[in-house]
Amino acid sequence: MEKTLNHVAGAFRWSTEKEVTAIEIVVSALAMAVPALLAARGHHTGLGLIGGMAMSGTVAQGRLQAQAMSAGAALLTLMLAAGIACAFGRFGGAWQIGLLATAAFAGVIGGFDRATVAASIRFIFYLVMVGGIVSTTTASPPLIFAVVTGGALFAVVLHMGMAAIVAQVSGHAAGAAEEERKPTARQKFMRLRRSLTEPAGWQYPVRLVSCLGAVSLVHLLFPGHDVHWAGLALVLLIERRPERLPLKTTQRVIGVLFGVCCAGLLSFLALPAWIDVLLVAVLGGIRPFLRARNYLAYSIVTTPLLMMAMGTADHALPASALLDRLFATVFAACLVLLVNQVTIYLLPQTAAPRA
């Protein structure tokens, strides 16, 4: 009982370890709101904010060159995911099979180093998101790709412009982090290859594909229900190393439950498009702050943005859609816990250390 209470209390714990700058808040707000405002003219407000959302939190700290490289890598990752989803998202069952194969490949490649871990998760997440948009909306795939990548490019230019101005005003470029000895690309590749000779090296892609496959099966059995939300939740909840009861899962489930209810209320009010854009700016602006402070609160504000991006916030959201998303969230969490338990039982050495 005490462990359960401590776990729940940990979900609400506020962190002050990481500093969040004003530039991150301003850039995050404008990077989503401006493209959303422009896209609102064509009734694609949700599509407009995806690019800014995808770039948020992807730019490394340090010199402008390092920031440009990380921003460029994040942009290319999004463009690749969106391009594949837009090209094949309407191929039905073939797309589902291709999605599983691509996610498995990305999961394996993600073991190369820390940078590719984050990049592979972003790639899979936006592959699932954009693929869901392409397969469920009437907007043409080329338009979806153009709006998403255009918004992301605007976010990159905005961030780099603001960073350059700040560096110029302060009189010096942002300092680089202390250099530490890092393994070479060859060493990383050899480590990845060695890991793939053991079952433990395959546990993450196997868990990921198993869960996404279960979602695809549910979608096949219940085509009238929107289960794409479960795919998004899965990608966010599955960590590289399994845990018995991940704190992040608890935070995500509670946060999404509150977030879906908030999004349903906003949809029920049927607010004008300009107020939707204003809400995008407010929610987008506080995302970097909440990401550094509490993942539960971050999930609450991110959920309405994701629902708008998936094309459900530009009109009244029926109660059935709300129930679909609530069910999908719980279903995804249960899948993650199940595959984690099985993996830890079969391969106990892969379990993440207890906090």
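Please read all numbers here as calculations on a predicted model, not as lab measurements.

## Quick notes on the overall build of the chain
Stage number 1. Helix and strand counts for the chain come out as 14 helices and 0 strands.
Stage number 2. In the chain, the succession of α and β elements from N to C terminus is α-α-α-α-α-α-α-α-α-α-α-α-α-α.
Stage number 3. For the C-alpha atoms alone, the extent of the chain along its principal axes is close to 55 × 55 × 45 Å.
Stage number 4. Burial statistics for the chain: of 355 residues in total, 46% are counted as buried.
Stage number 5. Excluding contacts between residues fewer than 6 apart, the proportion of contacts in the chain whose partners are at least 24 apart in sequence is 80%.
Stage number 6. Averaging the locations of the 26 positively and 15 negatively charged side chains of the chain gives two centres separated by 6 Å.

## Describing the environment of Val330
Stage number 1. Its location among the elements puts Val330 in helix α14 (residues 319-346).
Stage number 2. Distance from Val330 to Ala230, taken between C-alpha atoms, is 8.4 Å for residues 100 residues apart in sequence.

## Things to note about helix α12 (residues 273-293)
Stage number 1. In a regular helix each residue adds 1.5 Å, so 21 residues correspond to 30 Å; α12 covers 30 Å between its end C-alpha atoms and thus fits that length.
Stage number 2. Of all the bends in α12, the greatest, near 40°, is centred on Arg287, and the proline Pro288 appears no more than four residues after it.
Stage number 3. When we look at burial in α12, the residues that qualify are Asp276, Val277, Val280, Leu283, Gly284, Gly285, Arg287, Pro288, Leu290, Ala292 and Arg293.
Stage number 4. At its buried positions, α12 is contacted by α2 (22-40), α3 (45-55) and α13 (295-309).

## Thoughts on the packing of aromatic side chains
Stage number 1. All told, the structure shown has 5 aromatic pairs when counted by the stated rule.
Stage number 2. For the pair Tyr295 and Tyr298, a centre-to-centre distance of 5.7 Å together with 40° between the ring planes defines the contact as tilted. Highlighted residues: Tyr295 and Tyr298, both in helix α13, separated by 3 residues, approximately one helical turn. The same class applies to Tyr295 as to Tyr298, namely buried.

## What to know about the nonpolar core
Side chains of nonpolar character tend, in soluble globular proteins, to be buried together.
Stage number 1. Ranked by size, the top nonpolar core spans 85 residues in total, and within it Leu49, Met55, Tyr126, Met129 and Ile144 carry the most contacts.
Stage number 2. By residue number, the principal contributor to this core is helix α6 (residues 114-136), which donates 10 residues.
Stage number 3. Among residues more than four places away in sequence, those in contact with Tyr126 are Ile50, Met53, Ala54, Leu78, Ala81 and Gly131.

## Details of the pattern of salt bridges
Stage number 1. As enumerated under the stated definition, the model contains 2 salt bridges in all.
Stage number 2. With its nearest N and O atoms 3.0 Å apart, the salt bridge here joins Lys188 to Asp113. On the criterion of sequence distance, the pair formed by Lys188 in helix α8 (residues 185-195) and Asp113 in the loop between α5 (93-109) and α6 is long-range, its members being 75 residues apart.
Stage number 3. Linking Lys248 and Glu239 is a salt bridge whose minimum nitrogen-to-oxygen distance equals 3.6 Å.

## What about the packing of helix α11 (residues 247-269) against α14?
When two helices pack together, you describe them by how their axes are tilted relative to each other and by the distance separating the axes.
Stage number 1. Packing of α11 against α14 brings their axes to within 10 Å, and their N-to-C directions diverge by 175°. Judged by the inter-axis angle, α11 sits roughly antiparallel to α14. Only Leu322, Arg325, Leu326, Thr329, Ala333 and Val336 of α14 make contact with α11, whose side of the interface consists of Thr249, Val253, Val256, Leu257, Val260 and Gly264.
Stage number 2. Of the residues assigned to the contact of α11 with α14, the class counts are 8 nonpolar, 3 polar and 1 charged.

## Considering the confidence of the model for the chain
Stage number 1. Across the chain, the average pLDDT comes to 87, with 94% of residues at or above 70.
Stage number 2. At the low end of the mean pLDDT range in the chain sits helix α1 (residues 2-11), at 80; at the high end sits α5, at 94.

## Considerations on a positive patch on the surface
Stage number 1. Together, Arg186, Arg191, Arg193 and Arg194 line one region of the surface with positive charge.
Stage number 2. Its location among the elements puts Arg194 in helix α8.

## Observations concerning a nonpolar patch on the surface
Stage number 1. On the surface, Leu217, Leu220, Leu221 and Phe222 cluster together into a nonpolar patch covering about 450 Å² of accessible area.
Stage number 2. Structurally, the position occupied by Leu217 is in helix α9 (residues 203-221).

## Things to note about the packing of α12 against α13
Stage number 1. Contact geometry for α12 and α13: axes closest at 9 Å, N-to-C directions at 150°. One finds that α12 runs roughly antiparallel with respect to α13. Along this stretch, α12 crosses α13, giving a crossing that reads as left-handed. Facing Asp276, Val280, Leu283, Gly284, Ile286, Arg287, Leu290 and Arg291 of α12, the residues of α13 in contact are Tyr295, Ala297, Tyr298, Val301, Thr302, Pro304, Leu305 and Met308.

## A word on the side chain of Thr343
Stage number 1. The topology assignment puts Thr343 in helix α14.
Stage number 2. If near-sequence neighbours (up to four positions away) are discounted, Thr343 is found in contact with Gln203, Arg207, Pro242, Pro348 and Thr350.

Rules behind the numbers
The numbering scheme is per chain: residues are counted from 1 as the chain's sequence reads. In view of the model being predicted, local features appear only for residues whose pLDDT reaches at least 70, and side-chain atom pairs are presented and counted only at 80 or more, with totals across whole chains, interfaces and linings using the full set of residues. Hydrogens and water molecules were not included; the side-chain quantities draw on all heavy atoms of the structure. Secondary structure elements are defined from DSSP: runs of H or I of at least 4 residues count as helices, runs of E of at least 2 residues count as strands, and each element is numbered from the N terminus. Three labels apply to residues, based on accessible area from a 1.4 Å probe with only protein chains included: buried if under 20% of the type maximum, exposed if over 50%, partly exposed otherwise in between. Contact criterion: two residues are considered in contact whenever any of their non-hydrogen atoms come within 4.5 Å of each other. Only four residue types enter the tally: Lys and Arg on the positive side, Asp and Glu on the negative side, with His and both chain ends excluded. By convention, the charge on Lys lies at NZ, on Arg at CZ, on Asp at CG and on Glu at CD. For a helix, the expected span equals 1.5 Å multiplied by the residue count minus one. Note on bend: the value at a residue is the angle between axes fitted to the seven residues ending there and to the seven starting there. Only Phe, Tyr and Trp rings are paired, with Trp represented by its six-membered ring, and only when their centres lie within 6.5 Å; those with planes under 30 degrees apart are stacked, over 60 edge-to-face, the remainder tilted. Buried Ala, Val, Leu, Ile, Met, Phe, Trp, Tyr and Cys residues form a nonpolar core when they are joined through side-chain atoms within 4.5 Å. By definition, a salt bridge exists where a carboxyl oxygen of Asp or Glu is found within 4 Å of a side-chain nitrogen of Lys or Arg. Note on definitions: angles span 0 to 180 degrees between N-to-C directions of axes, and those axes are lines fitted to C-alpha atoms, for helices only across the stretch in contact. For classification, angles of less than 35 degrees are called roughly parallel, those exceeding 145 degrees roughly antiparallel, those between 65 and 115 degrees roughly perpendicular, and all remaining angles oblique. Under the convention adopted here, Pro, Cys and the residues Ala, Val, Leu, Ile, Met, Phe, Trp and Tyr are nonpolar, Asp, Glu, Lys and Arg are charged, and Gly plus all remaining residues are polar. Each residue gets a pLDDT score, which is the predictor's confidence in that residue and runs from 0 to 100. Residues qualify for a patch when their relative accessible area is over 30% and they have no salt bridge, like charges being joined within 9 Å and the nonpolar side chains of Val, Leu, Ile, Met, Phe, Trp and Tyr within 5 Å. Surface exposure here means Shrake-Rupley accessible area, sampled with a 1.4 Å probe, where a residue is shielded only by the protein chains that are shown. In a left-handed crossing the near helix is turned counterclockwise from the far helix by less than a right angle, and in a right-handed crossing that turn is clockwise.

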